[in-house]
Amino acid sequence: AQKVTQAQTEISVVEKEDVTLDCVYETRDTTYYLFWYKQPPSGELVFLIRRNSFDEQNEISGRYSWNFQKSTSSFNFTITASQVVDSAVYFCALSEPNSGYSTLTFGKGTMLLVSP
Amino acid sequence: AAGVIQSPRHLIKEKRETATLKCYPIPRHDTVYWYQQGPGQDPQFLISFYEKMQSDKGSIPDRFSAQQFSDYHSELNMSSLELGDSALYFCASSRWTGGAMSNEKLFFGSGTQLSVL
């Protein structure tokens, strides 16, 4: 079973639209980390956020915000007023105690296309 | 700020050849990780090292080996290359600060694009 599910394979929006990328995870552990990474066309993986399982407070960073809901095992990512530069593949990832929290299990990624 | 450095950026090899990928972690980071990302795929964990010892092992083929050196840089050695080894190989680093849930966020390098012809 997929531990991290990103059901949206590709999303297309027009600039200035808000967009939410969904992430649902599966774990039996009570302590774990969740991550979001951005992979632009140039290929590098850019760290966006890390959240531990005990911190359900939503976070906002500029145009980015994250909604962590343990009750639904979801960690969704919203981009407000999207821009063309936001076009990238976005990966949600999970780390668990069995690896000392050190290794990441990635979702399949969501490709976001923002057109002018 | 210094980031994770990977070299080479691109590498072209033929089947059955060998390849060595290098990774230089962020200064003061003691843990390195290797991930493989096939075309259109999500990154898959290969192997990790903490303080020069292998700390975890994922889906790394037996044809691959890796090590972490005294200066904390790491090398991924790949032998008998196959067409299916063509992928983007990422190295990541972090600093372990002790105790559960205390590892810092993982920073990735820009990756090495390996093409096997």
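Residues numbered from 1 in each chain as written. Chains lettered and ligands numbered in written order. Predicted model: local features only at pLDDT ≥ 70, side-chain atom pairs only at ≥ 80, totals over all residues. Heavy atoms only, no water.

On the side of chain B, 22 residues touch chain A, which itself brings 25 residues to the contact. Counting the surface lost from both chain A and chain B, the interface buries some 1,800 Å², and carbon and sulfur atoms represent 58% of this. The tally of links between chain A and chain B comes to 5 residue pairs in polar contact (both at pLDDT 80 or more). Mapped onto the side of chain A that touches chain B, the elements with two or more residues apiece are strand E5 (33-39) and strand E6 (46-52) of chain A. It is E5 of chain A that provides the largest number of residues to the side of chain A that touches chain B, a total of 4 residues. When the residues that make up the side of chain A that touches chain B are grouped by side-chain class, the tally is 11 nonpolar, 11 polar and 3 charged. (Contact = heavy atoms within 4.5 Å. Buried area = accessible area lost by both parts, 1.4 Å probe. Polar contact = N/O pair within 3.5 Å; in protein donor to acceptor, adjacent residues only side chain to side chain. Helix = DSSP H or I, 4+ residues; strand = E, 2+ residues; numbered from the N terminus. Nonpolar A, V, L, I, M, F, W, Y, C, P; charged D, E, K, R; others polar.)

Looking at chain A as a whole, the pLDDT averages 91, with 96% of positions reaching at least 70. Looking across chain A, the model is least confident in strand E7 (residues 59-61) of chain A, with a mean pLDDT of 85, and most confident in strand E3 (residues 19-21) of chain A, with 98. (pLDDT = per-residue confidence, 0-100.)

Take the environment of Ser48 of chain B next. Residue and element names in this part refer to chain B. Of note, Ser48 is situated in strand E5 (residues 44-50). Between the C-alpha atom of Ser48 and that of Tyr35, which follows or precedes it by 13 residues, the distance is 9.1 Å. Look past the residues within four positions of Ser48 in its chain and what remains in contact with it is Val32, Tyr33, Met53, Gln54, Ser55 and Asp56. Of the polar contacts made by the side chain of Ser48, one reaches the side chain of Ser55; its length is 2.7 Å.

Before going further, it helps to spend a moment on the packing of aromatic side chains. A complete count under the given rule lists 21 aromatic pairs over all chains for this structure. Relative to Phe108 of chain B, the ring of Tyr37 of chain A has its centre 5.1 Å away and its plane inclined at 85 degrees; by these criteria the two rings are edge-to-face. Pair noted here: Tyr37 of chain A is in strand E5 and Phe108 of chain B is in strand E10 (residues 107-108), and the two residues belong to different chains. For the pair Tyr37 of chain A and Phe108 of chain B, a shared accessibility class is recorded, and that class is buried. (Phe/Tyr/Trp six-rings, centres within 6.5 Å; stacked < 30°, edge-to-face > 60°. Buried < 20%, exposed > 50% of the residue type's maximum accessible area, 1.4 Å probe, protein only.)

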